[in-house]
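# Structure at a glance
Okay, here's what each chain looks like letter by letter:
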Amino acid sequence: MTDPTVAPVLLIALPIVAAAVVLLAGLRWPRSGWPISLVALVLEGGLAAWLASAVFGDSGRLVHELGAYGRPGENEFAVGIELVADALSATMVGLIALIALSVLAVTRRAGPRGVPFYAAYLMLIGGLMGVSLTGDVFNLFVFLEITGIATYTLVASNRSAPAAVAALKYLIVGTTGASLYLLGVGYLLMATGTLNMADLAATLAGEPSFVDGPMYTDPLVLASFAFIATGLFVKAAIFPLHTWQPGAYDEAPDGVTVAISALVSTIGAYAFLRISLSVFTPAFFEATPIVATVIVTVASVSVVAGSALAVMQSRIKRTFAYSSVSQFGLVVLATGIAVHPDAGASAAEAALIGAVIHLVGHAVVKGGLFTAAMGLALDSDARTIDDLAGLGRQSPVLSAAMALLGLTLVGVPPAVGFLGKWYIVIGAMNADLWPVAVVILLSTVLTLAYVARLFEQLYFTPAPSGDEAGAEAPADTSDDHAMAADGGNSADDGTEEHLSDPTPGAPFGVVAVAVGAAILAILLGFAGAEFADALEPFVTEVLGQ
Amino acid sequence: MTPLVDVLTSRYAYVLFALLLGIGLYMIVSSQNLVKKVIGLNLFQTALFLFFIASAYLAGGQAPIVHHGGKEATYVSPLPQVIVLTAIVVGIAVTAVALALLVRIYAEYGTLEEDVLREVRSDD
């Protein structure tokens, strides 16, 4: 057990086995889901730490050949599936393990609970780990679909009908995206005859003796990249392929939104980063410069459109959902800059580090924001931005967490949002892509616009008095609201929650995770140099410097 | 004219693949009925299976079970077949989840037509 190359296998197998255990144990002990999940995910955290210490320590890149089929000859393709852990995968594994435990804390009291939820949730974690660790493009598809199926069921897990509609929309769009990815994989297989990422990169570069030179300009390879990129853009919710995402985030149970906003689209963006850099490699983009330009353009549109749509929303969760469209646009944008033929070595390196920092930072920030929004919804039933009026006084801790995380999202130094944007802008400027810097500035201003609205409501708008609340409340609010409004004055607002809800306000887990995310977002902002150091092996490997 | 006939006679599986892909995608995008959208999704995936199988076809090829010493025969690549098997399983799982969601939607709204659904939901 001292060989760390088994860690990737255990990281994937453990949650999937635990999901089956939860289902079986749930037949006998219906309340056993939480403890089993907790044990599994704590072990998962330990495995992630073990993997990270090996990868960032002296082992470097870890490869595990499933089934140990090996290679028939020195220069021949791998027969079995390989699991690969490098600096980027280890970072993602750590992030997933951390957020997986946080979501467990969030849903402990506030729900959703129950055996089916925990089983689907553990499957989701297993799928995410698989996407992060696989070294095989078809295996990546399978894990993307495991992640997808788990997410569809989780979105619909509170059995509400609007959530089912949102989940079905997500399913149809998401599966079409995954199928497009599979089509791209098929083209790659036809062009090269292998599915292993490392072998693909070597074959595309023309290394094996049976190919005559690099295949980068082969129409089959170009079409393959187009299909793969489109499929993964659907998964990462890049404008205009984001249509599934706001509905799914908005209608899903609050605890599920935290998990999927922090992890699911993140893994789509990670897959794009991985395929672009480790399979197609910067040499592909150099051979056909228009590809990088198209990526940068599409991502720039996503960055601006996501922010603009976020400003127009009135519901809190929808605002944050559209904001994710913009943030994942930034990650893809940074990837586009990193592989852009005009970018020099320093520009590419800065953009790549910026992409990874922003990917990790966004997961922490957006997970925290949705947790804070969930807490405020539990405290005062706040669902729209107008509902937030005066909550800075009523729920000071959650409001402060939301405000801090909002500022992080804008990119106020020294938090992590600033750090990621800083690296990306440096990369864009060094690559002489000035319009991109303008796009990022524009998106920052728009982000400021919707975060400022949150601030205004939280801290500078007085809470409505009881009568106003009753008059403004839409027809669908429950009876206890109307009763409280009838009963009169603003002093009753506090007791109203006690009457309607046996567990008043946000449970401790929700508050702790929201505050923890805010603190982590700021701490990570100081870790720029450490991030850059830790990613150095990956950057050197993919950029070949 | 001749190249077209040539493609149709020698590469008809790929032509069929492109047709199925297009029909599936068209159903997903244009159909108002949610069940038909799911059927379109299945058709889309089936097109992919056909593509993989067609790409693995080899005239006179044998199943890739290599006996000791018998290396002179022509074998087909097992990889596309395995991919299709896996993709079929994934497709079934996705369809099962989709149908479960459809049952839930129908129980709540009493319709599977997208435009009716939109009206019902805006009335809520």
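The model shown is predicted, which means the values in this text are computed figures rather than measured ones.

Helix and strand counts for chain B stand at five helices and zero strands. Counting helices and strands in the order they occur from the N terminus, chain B gives α-α-α-α-α. Over its C-alpha trace chain B gives a radius of gyration of 21 Å, far above what one expects of a compact globule, namely 14 Å for 124 residues. Taken along the three principal axes of its C-alpha coordinates, chain B extends 70 × 45 × 15 Å. Going through the 124 residues of chain B one by one, you find that 31% of them count as buried. For chain B, long-range pairs separated by at least 24 residues make up 49% of all intrachain contacts whose partners lie at least 6 apart in sequence. As displayed, chain B offers around 7,600 Å² of accessible surface, 67% of which is attributable to carbon and sulfur atoms. Taken together, the 7 basic and 9 acidic charged side chains of chain B have centroids lying 8 Å from each other.

All names here are of chain A. Following both chains from N to C, one finds helix H12 (residues 316-339) and helix H13 (residues 345-380) inclined at 170 degrees, their axes separated by 8 Å at the closest point. Put simply, H12 runs roughly antiparallel to H13. Among the residues forming the contact of H12 with H13, the class breakdown is 17 nonpolar, six polar and two charged.

This part covers the packing of helix H3 (residues 34-56) of chain B against helix H4 (residues 78-109) of chain B. Residues and elements named next belong to chain B. Interaxial distance between H3 and H4 falls to 10 Å at its minimum, and their mutual angle equals 180 degrees. By the angle between their axes, H3 is roughly antiparallel relative to H4. Within the contact between the two elements, H3 uses Leu34, Val35, Val38, Leu41, Asn42, Gln45, Phe49, Phe52, Ile53, Ser55 and Ala56 and H4 uses Pro80, Gln81, Ile83, Val84, Ala87, Ile88, Gly91, Val94, Thr95, Ala98, Leu102 and Ile105. A class-by-class count of the residues in the contact of H3 with H4 yields 17 nonpolar, six polar and no charged.

Moving on, we come to the confidence of the model for chain A. For chain A, the mean per-residue pLDDT works out to 83, and 92% of the residues sit at or above 70. When the criterion is pLDDT under 50, residues 467-503 of chain A qualifies, and its contacts beyond four places in sequence or with other chains add up to 18 contacts.

Moving on to the packing of aromatic side chains. All names here are of chain A. Evaluation of the coordinates by the stated rule reveals 22 aromatic pairs over all chains. On the numbers, 5.3 Å between centres and 85 degrees between planes, the contact of Phe225 with Phe285 is edge-to-face. With Phe225 in helix H8 (residues 219-236) and Phe285 in helix H10 (residues 254-287), the pair connects residues that are 60 residues apart, well separated along the chain. Each of the two residues, Phe225 as well as Phe285, counts as buried. Sitting above the plane of the Trp34 ring, Arg108 keeps its charged end 4.4 Å from the centroid.

Okay, the interface of chain A and chain B next. Interfaces are often sized by the accessible area lost when the parts come together. With 29 residues of chain A at the contact, the number on the chain B side is 32 residues. When the two sides are added together, the surface that chain A and chain B hide from each other amounts to roughly 2,600 Å², 87% of it contributed by carbon and sulfur. When the area that chain A buries against chain B is broken down by residue, the three leading residues are A:Val165, A:Leu168 and A:Ile172, summing to 19%. The interface formed by chain A and chain B includes zero salt bridges.

To continue, consider the nonpolar core. In summary, soluble globular proteins display a tendency toward joint burial of nonpolar side chains. Counting residues in each nonpolar core, the largest one holds 220 residues, and the members touching the most others are A:Tyr121, A:Phe280 and A:Met402. Residue contacts for A:Phe280: discarding those within four places in its chain leaves A:Leu188, A:Leu204, A:Tyr216, A:Val221, A:Ser224, A:Phe225, A:Ile228, A:Ile275 and A:Phe285.

Residues and elements named next belong to chain A. A two-sided burial pattern is seen for strand S2 (residues 82-85), the buried positions comprising Glu82 and Val84 on one face and Leu83 and Ala85 on the other. Across four bridges, strand S1 (residues 62-65) lies against S2 in antiparallel orientation. Directly across from Glu65, in S2, lies its bridge partner Glu82.

On to a nonpolar patch on the surface, then. All names here are of chain B. On the surface, a cluster of nonpolar side chains totalling about 270 Å² of accessible area is made up of Leu16, Leu19 and Ile23. Relative to the helices and strands, Ile23 resides in helix H2 (residues 12-30). Accessibility expressed as a relative area gives 43% for Ile23, which makes it partly exposed.

The next point concerns the confidence of the model for chain B. Of the residues in chain B, 93% reach a pLDDT of 70 or more, and the chain-wide mean stands at 85. The spread of mean pLDDT over the elements of chain B runs between helix H1 (residues 2-10) of chain B, the lowest at 78, and H3(B), the highest at 91.

A few words now on helix H7 (residues 197-204) of chain A. Residue and element names in this part refer to chain A. Counting buried positions along H7 yields six of eight residues, so the element is predominantly enclosed. Of the positions making up H7, those classed as buried are Met197, Asp199, Leu200, Ala201, Thr203 and Leu204. The secondary structure elements touched by the buried residues of H7 are helix H5 (137-155), helix H6 (161-192), H8 and H10. Measuring from the side-chain oxygen of the N-cap residue of H7 to the backbone nitrogen of Ala198 gives 3.0 Å; that N-cap residue is Asn196. Gly206 sits one or two positions beyond H7 and adopts a positive phi of about 85 degrees.

Residue and element names in this part refer to chain A. On the secondary structure map, Pro289 appears in helix H11 (residues 289-312). Exposure remark for Pro289: the relative accessible area of 42% places this residue in the partly exposed category. On a C-alpha basis, the gap between Pro289 and Val339 in space is 9.4 Å, while along the polypeptide they are 50 residues apart.

A separate point is the pattern of salt bridges. Side-chain pairing between opposite charges can occur once the charged atoms of the two side chains come close. In the structure shown here, the tally under the stated rule is nine salt bridges over all chains. Close ionic contact of A:Arg315 with A:Asp250 constitutes a salt bridge, the shortest N to O distance being 2.9 Å. Note that A:Arg315 is positioned in the loop between H11 and H12 and A:Asp250 in helix H9 (residues 244-251), a separation of 65 residues in sequence. Among the residues examined, A:Arg315 registers a relative accessible area of 32% and is labelled partly exposed. Residue classification places A:Asp250 among the buried residues on the basis of a relative accessible area of 7%. For B:Glu108, the salt bridge goes to B:Arg104, with nearest N and O atoms at 3.7 Å.

Cut-off values and rules
- Residues numbered from 1 in each chain as written.
- Chains lettered and ligands numbered in written order.
- Predicted model: local features only at pLDDT ≥ 70, side-chain atom pairs only at ≥ 80, totals over all residues.
- Heavy atoms only, no water.
- Helix = DSSP H or I, 4+ residues; strand = E, 2+ residues; numbered from the N terminus.
- Rg over C-alpha atoms; globule rule 2.2 N^0.38 Å.
- Buried < 20%, exposed > 50% of the residue type's maximum accessible area, 1.4 Å probe, protein only.
- Contact = heavy atoms within 4.5 Å.
- Areas by Shrake-Rupley, 256 points an atom, 1.4 Å probe, with all protein chains shown as cover.
- Lys, Arg positive; Asp, Glu negative; His and termini not counted.
- Charge placed at Lys NZ, Arg CZ, Asp CG, Glu CD.
- Axes fitted to C-alpha atoms, helices over the stretch in contact; angles between N-to-C directions.
- Parallel < 35°, antiparallel > 145°, perpendicular 65-115°, else oblique.
- Nonpolar A, V, L, I, M, F, W, Y, C, P; charged D, E, K, R; others polar.
- pLDDT = per-residue confidence, 0-100.
- Phe/Tyr/Trp six-rings, centres within 6.5 Å; stacked < 30°, edge-to-face > 60°.
- Lys NZ or Arg CZ within 6 Å of the ring centre and 35° of its normal.
- Buried area = accessible area lost by both parts, 1.4 Å probe.
- Salt bridge = Lys/Arg side-chain N within 4 Å of Asp/Glu carboxyl O.
- Core = buried A, V, L, I, M, F, W, Y, C linked by side-chain atoms within 4.5 Å.
- Pairing = 2+ DSSP bridges.
- Patch = residues over 30% accessible without salt bridge, like charges linked within 9 Å, V, L, I, M, F, W, Y side chains within 5 Å.
- Polar contact = N/O pair within 3.5 Å; in protein donor to acceptor, adjacent residues only side chain to side chain.

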